[in-house]
Structures are given as C-alpha cells and as structure tokens.
Amino acid sequence: MEKQLEMAQLLARFKLQVKRTLSETVDLERLTREPDYARTRLAEIEEAALDEDLLVMVLRLRDQLVPVAIPPVVAVSAIAPPEEVLPARETRSYLMGARAW
C-alpha cells in the first residue's frame, strides 16, 4: 500500500513539474499502462528538460514503468551436427636436425 502511495505521489509531482517547466501535459493513465508510450514520452521529456529534479523523476519513472528489454535467447539444439574433423597437419620438428647441434 505504501509503495502505491509513493508511486502516486511521484506521478503527481512529475505531471505538475512537466506542466510548470515545459508547458506540456502527460497522460498518466497511458504512462502507467502502455510501456511504448512511457518509453517515448519519457525520452521526449528527458531531452527537453533543463531542471535536475525533473530529470531525476524521469529516471525514477523509467525504472518503474518501462520494462528492461531482455535479449532473446538462442536455443541450441541438443543434437548438434558433427564438426568437420580436419586431418592433422604434419609439423616439422627441428630438435634433432642439423640446427640442433
């Protein structure tokens, strides 16, 4: 319950701060329910903001509202095709040659 109250206060302060400093509005309903809208709107506000407090709010809201993109996991098949086995190359050893003495 306390976390919800803190989030509501942060959203309210954010909306008022954006209105004061940038003269723009933010749809809080869409911000909390649509990650794509939140990502683009927060990026726009971040670029336009000149106030440190507003930037801190953007970062806090981004952590709360925008999911972190997880890179897709590539599935490796259990049965991998056999790797080509190359014939062993003959290596020359000069340990017992004319230069060894």
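Residues numbered from 1 in each chain as written. Predicted model: local features only at pLDDT ≥ 70, side-chain atom pairs only at ≥ 80, totals over all residues. Heavy atoms only, no water.

Just checking my understanding: could you explain the nonpolar core for this structure?
Nonpolar side chains tend to gather and get buried jointly when the protein is soluble and globular. F14, V18, L31, L42, I45, L54 and L61 are the most contacted members of the largest nonpolar core, which has 19 residues in total. Counting residues per element, this core draws most heavily on helix α1 (residues 2–22), at 6 residues. Not counting residues up to four positions away in its chain, the partners in contact with L42 are F14, L31, V58, L61, R62 and V66. (Core = buried A, V, L, I, M, F, W, Y, C linked by side-chain atoms within 4.5 Å. Buried < 20%, exposed > 50% of the residue type's maximum accessible area, 1.4 Å probe, protein only. Helix = DSSP H or I, 4+ residues; strand = E, 2+ residues; numbered from the N terminus. Contact = heavy atoms within 4.5 Å.)

What should I look at first to understand α1 in this one?
In an α-helix, one full turn covers 3.6 residues, which means residues spaced three or four apart are oriented alike. The first and last C-alpha atoms of α1 sit 30 Å apart over 21 residues, in line with the 30 Å expected at 1.5 Å per residue. Within α1, burial applies to M7, L10, L11, F14, Q17, V18 and L22. The buried residues of α1 occupy an angular sector of 135° when the element is viewed end-on, so they sit on one face. Within α1, the exposed residues directed more than 90 degrees away from the buried face are E2, L5 and R20. Elements that come into contact with the buried residues of α1 comprise α2 (28–33), α3 (35–48) and α4 (52–65). Where α1 terminates, the next one or two residues include S23, which has phi positive at roughly 55°. (Expected span 1.5 Å × (residues − 1). Arc of directions from axis to C-beta.)

Please explain the pattern of salt bridges as it appears in this structure.
Tallied over the entire structure, the rule returns 6 salt bridges. Note that R33 and E29 form a salt bridge whose closest N and O atoms lie 2.3 Å from each other. A residue pair is termed a helical-turn pair when its members lie 3 or 4 positions apart in one helix, as R33 and E29 do in helix α2 at 4 residues. Relative accessible area serves as the criterion here: at 45%, E29 is assigned to the partly exposed category. Between R41 and E44 there is a salt bridge, with the nearest N and O atoms lying 2.9 Å from each other. You can see R41 and its partner E44 sitting in helix α3, 3 residues apart, about one turn around the helix. We classify E44 as partly exposed; its relative accessible area is 45%. (Salt bridge = Lys/Arg side-chain N within 4 Å of Asp/Glu carboxyl O.)

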